[in-house]
Amino acid sequence: MPLYSPPSEMLAVYEAVGNFISSVNDETSYEVCRKEILRKFNRARVENSLIIEQHKDIHEYLRNLSSEEVKLASLCRKLKINKCDKEIIRDKNKLQQWFKQQEDEREELFGPHIFQK
């Protein structure tokens, strides 16, 4: 029997993920704004945890997304101190590129759960 999750509940997570990815990709985003978006992202994860846990692919994706954002934030802080560290710059650029690809990944991953036939 296939797992069922109401599209409206999965849509809340989908939108929170989209806002989260957009805030990470927007380098001009204010720190306060990013914290608010991160709070909403985490709240959507908690409020819909039963649905998310039914879908291991989404569960793992959200954990990975959070983990990568923590790494990126850490690299940005390190870069403020070591502005010319080529390794930090390379790692930061690689993660930023990964986050840009996540908009498409999100569509592929959530689409079948939201637009069920």
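If you're wondering where the values come from, they're calculated on a predicted model, not measured in any experiment.

What counts and how
Residues numbered from 1 in each chain as written. Predicted model: local features only at pLDDT ≥ 70, side-chain atom pairs only at ≥ 80, totals over all residues. Heavy atoms only, no water. Helix = DSSP H or I, 4+ residues; strand = E, 2+ residues; numbered from the N terminus. Buried < 20%, exposed > 50% of the residue type's maximum accessible area, 1.4 Å probe, protein only. Contact = heavy atoms within 4.5 Å. Axes fitted to C-alpha atoms, helices over the stretch in contact; angles between N-to-C directions. Parallel < 35°, antiparallel > 145°, perpendicular 65-115°, else oblique. Left-handed = near helix turned anticlockwise from the far one by under 90°. Nonpolar A, V, L, I, M, F, W, Y, C, P; charged D, E, K, R; others polar. Expected span 1.5 Å × (residues − 1). Core = buried A, V, L, I, M, F, W, Y, C linked by side-chain atoms within 4.5 Å. Salt bridge = Lys/Arg side-chain N within 4 Å of Asp/Glu carboxyl O.

### A closer look at the overall build of the protein chain
Then, in step 1: Of regular secondary structure, the protein chain possesses five helices and zero strands.
Then, in step 2: Counting from the amino terminus, helix and strand elements in the protein chain follow one another as α-α-α-α-α.
Then, in step 3: Within the protein chain, the proportion of its 117 residues that are buried is 36%.
Then, in step 4: A fraction of 74% describes how many contacts in the protein chain between residues 6 or more apart in sequence connect residues 24 or more apart.

### Points about the side chain of K92
Then, in step 1: Inspection of the secondary structure puts K92 in helix α5 (residues 86-114).
Then, in step 2: For K92, a relative accessible area of 13% gives the class buried.
Then, in step 3: Setting aside anything within four residues of it in sequence, one finds K92 in contact with E27, L72, L75, C76 and L79.

### Details of the packing of helix α4 (residues 56-81) against α5
Then, in step 1: At a minimum axis separation of 10 Å, α4 and α5 run at an interaxial angle of 160°. Classified by the angle their axes make, α4 and α5 are roughly antiparallel. α4 and α5 meet at a crossing whose hand is left-handed.
Then, in step 2: Taken together, the residues that form the contact of α4 with α5 break down as 15 nonpolar, four polar and nine charged.

### Remarks on α4
Then, in step 1: With 26 residues, α4 extends 38 Å from end C-alpha to end C-alpha; this agrees with the ideal 38 Å at 1.5 Å per step.
Then, in step 2: Restricting attention to buried positions, one finds in α4 the residues I58, Y61, L62, L65, S66, E68, E69, L72, L75 and L79.

### Structural notes on the nonpolar core
Then, in step 1: Core analysis: the biggest nonpolar cluster contains 24 residues, and V17, F20, I58, Y61, L62, L65 and F110 have the highest contact counts within it.
Then, in step 2: Taken together, the elements giving at least two residues each to this core come down to α1 (7-25), α2 (31-47), α3 (49-54), α4 and α5.

### What to know about the pattern of salt bridges
Then, in step 1: In the structure shown here, the tally under the stated rule is six salt bridges.
Then, in step 2: Two residues, E47 and R43, come together in a salt bridge whose shortest N-O distance is 3.7 Å. One end of the pair is E47 and the other is R43, both in helix α2 and four residues apart, which spans about a single turn.
Then, in step 3: Of the residues examined, E47 reaches a relative accessible area of 56% and is grouped as exposed.
Then, in step 4: By relative accessible area, which is 38% here, R43 ends up partly exposed.

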